[in-house]
Amino acid sequence: MNKILDLGKRTTTPGKAPTVLFLWEGEDSEPWRQHMVPYLDGLDFRTVADVGDPTDIDYVLTWMPPVGALAGYPNLKAIFSIGAGVTHILRDELLPDDVPIFRLIDPVLTQDMTCHALHWVLHFHRNYAVYAGQQSNSEWLRHKIHANSTCRVGVLGMGTVGAGVAATLRDLQFDVAGWSRSEKKIPGVKSYFGGDQLRSFLNRTDILISLLPPTPDTCNLIDAQRLSEMPRGSYLINMSRGDIVVDQALLASLDSEHTAGAALDVFRREPLAKDDPYWRHPRVHVTPHAAAATTPEYGARRIALNIKSLIEGGWPDGELDRSRGY
């Protein structure tokens, strides 16, 4: 996809080497600089401690920038998220509205997310939680192994990561379907799309994997009604954002055993409070937002190549659609 980078009054000096600001408080910037240098000739890499003249800054790569910080660079050409999500950027009401924002699309990140999803699908499908309970009682009892094809997995959100997760599970012979705003054509994966088809999607899903982006439409989407539309004894794996799930509704569904278990990696407030009931619920598995992490080795290279693409007149994948929030 080619576009013209039109930023109104924001100026560009012909022949100027790119000046990049690393804006991630508390993170060691040096590995990021080292992994970007091979791809950007003459790279001027700066941190908040040595930002110099704010008008020099062309590009920002950031995670959780302080509110108002991004408005201080009048010649900013693009903002790059150090991660697949952008809510940490969009929370800033002073965010410049004429600067494109790019999510990080990284095959390694997708692979890590897929591994996390696969772990919990197997955990629930192969009765590993049951075996863990038996071990505490010194109980030797084997349970029947059901074919993967008998397990109906539903991937909620079919972006880059969702499509990767769905394809991997399909290749392992799980019965996989995906739901998204619009129809997706992935061989061997049934596509449900739009609000009218969400109930049918949930009705056929034994293990639900949430990979939805956080938007006003997805906030509180998994509520008591949606959970009741899933089969009794189904499971939830949430690895997108915490506010997609109504916590009280999920806990009630778990207590009634309509939902048999949940693997939760994301929460409305992080870190999860020490007195949160999720910690102690016998059918909830908590991980600390650890499904995947962006590493300098891969993340810096991808962002550097995206900056190079912009400089050369191209347009990277992963641009945020502000009207949709992802």
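Residues numbered from 1 in each chain as written. Predicted model: local features only at pLDDT ≥ 70, side-chain atom pairs only at ≥ 80, totals over all residues. Heavy atoms only, no water.

**So, the nonpolar core**
Okay, step 1: Judged by nonpolar contacts, the single largest core of 27 residues is most densely connected at Leu 156, Phe 201, Leu 208, Ile 222, Leu 250, Leu 264 and Tyr 278.
Okay, step 2: At the level of elements, strand E7 (175-180), helix H6 (198-203), helix H8 (247-255) and strand E11 (259-264) are the ones that each hand at least two residues to this core.
Okay, step 3: For this core, the element with the most residues is H8, which contributes four residues.
Okay, step 4: Contact partners of Ile 222, with chain neighbours within four places excluded, come to Leu 156, Leu 208, Leu 227, Ile 244, Val 245 and Val 246.
Okay, step 5: One finds Trp 120, Val 161, Val 176 and Ala 263 within the second-largest nonpolar core, a separate group that totals 26 residues. (Core = buried A, V, L, I, M, F, W, Y, C linked by side-chain atoms within 4.5 Å. Buried < 20%, exposed > 50% of the residue type's maximum accessible area, 1.4 Å probe, protein only. Helix = DSSP H or I, 4+ residues; strand = E, 2+ residues; numbered from the N terminus. Contact = heavy atoms within 4.5 Å.)

**Some words on the layout of surface pockets**
Okay, step 1: Approximately 370 Å³ is the volume found for the second largest pocket.
Okay, step 2: Every residue lining the second largest pocket is counted, 15 residues in all, and those nearest its centre are Thr 87, His 88, Pro 214, Arg 241 and Phe 267. (1 Å grid on protein atoms, 1.4 Å probe; cavity = no way out; pocket = protein on both sides within 12 Å on 5 of 7 lines; lining within 4 Å. Points joined across faces, edges and corners; volume = space filled by probe spheres on them.)

**Description of the side chain of Ser 180**
Okay, step 1: Take Ser 180: it is sitting in strand E7.
Okay, step 2: A distance of 2.6 Å separates a polar side-chain atom of Ser 180 from the backbone oxygen of Ser 182.
Okay, step 3: Apart from residues lying up to four places away in sequence, Ser 180 is in contact with Met 158, Tyr 192, Phe 193 and Gly 194. (Polar contact = N/O pair within 3.5 Å; in protein donor to acceptor, adjacent residues only side chain to side chain.)

**Details of the pairing of strand E10 (residues 234-238)**
Okay, step 1: Among the five residues of E10, four are classified as buried, and the element is accordingly described as predominantly covered.
Okay, step 2: In this fold, the crossover linking E10 to E11 by way of H8 has right-handed handedness. (Right-handed = clockwise from strand over helix to strand, strands pointing away.)

**Comments concerning the side chain of Ser 81**
Okay, step 1: Note on placement: Ser 81 falls in strand E4 (residues 78-81).
Okay, step 2: At 2.7 Å, the side chain of Ser 81 and the backbone oxygen of Gly 85 are in polar contact.
Okay, step 3: Excluding anything up to four places from it in sequence, Ser 81 contacts Thr 62, Trp 63, Val 86, His 88, Ile 89, Phe 102, Arg 103, Leu 104 and Ile 303.

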